[in-house]
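A look at the structure
The lines below spell out each chain.
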Amino acid sequence: MIDQADIQGFFIDPQHLRSEDHVVACYRVLIAGEAPRVAAALCAEQSTAMWQRVGVAEDLRPRYAAKVLRLAPSVSSQTVGDAVWWDLEIAYPHHNIGPRLPNLLVALAGEGALHAPGVQGLILRDIKFPATYAAQFTGPQWGVAGLRERFGVIERPFFMGVIKPNFGLAPEVFAAQAYEAWGGGLDIAKDDEMLGDVAWSPLTERVAAVVAARRRAEAETGERKAYIANVTDDSDRIASFADVVAERGGDAVLLNPMWTGIGAIAALRRSGQLPIMSHFAGLALLTRAAQWRIEMPVLVKFLRLAGADMIGLAGFGPRMHTTADEVRAGVAACLAPWPGIRPALPIPGGGDWAGTLPTVYAQIGHPDFAFIAGRGVFGHPRGPRAGARSVCQAWDAVRAGVPLSDAAAAAPELAAALQFFGGVP
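Please read these numbers as outputs of a predicted model, since none were measured by experiment.

**Observations concerning the sheet that holds strand β2 (residues 67-73)**
Strands sit in the order β2-β3-β1-β4-β10 across an open sheet of five strands; the sheet is mixed. Edge positions in the sheet fall to β2 and β10 (292-294), since each of these pairs with one other strand and no more. Looking at each pair of strands side by side, their axes are set apart by 20° on average, direction ignored. As judged from the three bridges shared by strand β4 (residues 119-128) and β10, these two strands associate in the parallel manner. Considered in β10, the bridge of I123 is made with R293. Packed on one face of the sheet, helix α3 (residues 101-109) meets β1 (22-31), β3 (84-93), β4 and β10 and runs near 35° to β1.

**Notes on the state of the cysteines**
A full pass over the atoms with the stated rule returns zero disulfides. Residue C26 stays outside any disulfide, its sulfur separated by 13 Å from that of C43, the closest cysteine.

**Points about the packing of aromatic side chains**
With the rule as written, the count across this model stands at nine aromatic pairs. Ring centres of F129 and F302 lie 5.5 Å apart, and the angle between their planes is 80°; on these two criteria the pair is classed as edge-to-face. Placement of the pair is F129 in the loop between β4 and α5 (131-134) and F302 in helix α13 (residues 296-306), with a sequence separation of 173 residues. Ring centres of Y361 and W395 lie 5.1 Å apart, and the angle between their planes is 85°; on these two criteria the pair is classed as edge-to-face. Of this pair, Y361 sits in helix α15 (residues 357-364) while W395 sits in helix α17 (residues 384-400), placing them 34 residues apart in sequence. Its relative accessible area of 6% is what places W395 among the buried residues. An aromatic cluster is defined as three or more aromatic residues linked by ring pairs; in this entry it consists of F129, Y133, F137, F302 and W338. Sitting over the ring of F174, R206 keeps its end group 6.0 Å from the ring centre. The ring centre of Y179 lies 5.7 Å from the NZ or CZ of R385, which sits over that ring.

Conventions adopted
- Residues numbered from 1 in each chain as written.
- Predicted model: local features only at pLDDT ≥ 70, side-chain atom pairs only at ≥ 80, totals over all residues.
- Heavy atoms only, no water.
- Pairing = 2+ DSSP bridges.
- Helix = DSSP H or I, 4+ residues; strand = E, 2+ residues; numbered from the N terminus.
- Axes fitted to C-alpha atoms, helices over the stretch in contact; angles between N-to-C directions.
- Contact = heavy atoms within 4.5 Å.
- Disulfide = S-S within 2.5 Å.
- Phe/Tyr/Trp six-rings, centres within 6.5 Å; stacked < 30°, edge-to-face > 60°.
- Buried < 20%, exposed > 50% of the residue type's maximum accessible area, 1.4 Å probe, protein only.
- Lys NZ or Arg CZ within 6 Å of the ring centre and 35° of its normal.

Everything listed here is a matter of coordinates, which is why it stays silent on function.
Spelled out as structure tokens, the structure:
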């Protein structure tokens, strides 16, 4: 633990801070013991640890130490045993790390932050990037406006489907599922987040088959269609798989950054070939814990900086165990104005189908999102074409201000979905 005489070396008056040189991390921390001393220890763990060499008269803290900007008891959290929740803002000198998001996360939410003495809970609630730091990144290559132009989706949500069954289908059969859904009005068909380069559906063959089906659907419908291929794999294979998708005519790639690392998104962004979708698989391990977590809007900021054009979020409804406020906060973080960084398309999902579209749209309040369904399209009792039509018919009803139960009278696919999936909104 930090000696009492050394505590002030880890504090700074906000008026004396060169804000352009620091990332500011906003925490809620459960502290047992003397709060200033624990906060100083946390700063030390995130930066210098030791701030001088043995036998050398030096102090590395003025330039390299993380420093407390604000420390105050949290008014919205209760005590836990002998520990108390505090609101803590730490200014972190970003020259320690440079434009390397994985390394920054290690500093702000790694060993030092999660194992600092006296810290019994830690929630990273927000992060503030100065313009000087964000300027080192290009962010999404397309963003929402670019995706709308690229995929031809104007003034409405994107309609996206997860091709099902996700395991067990040969490439041609898998592609046929996508073709049917595109024929019914789906804009984008994608691999499931678990589906990779497997023996019974090699990525190269699957992309070729699905792209051929997409071209056929485009010719028949006169509409643009898109396919997102999952390139999640070992780190030395991701780039080559993304090249395969681009070379064979795929439209975008999907990564699971919780498991590939956020650096994989940044690497694909630097290659500049295709839009990137970030999936939320596993992120609940970071966002759902009561006393140790990173709030989803913080992760969204990192994903946008890294270059994700589309960001999957745990969506509305009981299946995803997220509150409506949490989902809306994630959506807002995807779209918030950020000089030099394009908005990313939010994709809140989990258990959605035509009957949930009115609620999702009402919760978000605008059409800048992708409405995604798996079983809601591919599990429709009349097949994927009808499942996609039911989503389009639900949107027509929303746009007209008509209850789905009334619209279903003239929309047999929607009527079948309402009956099969068990709701009549």
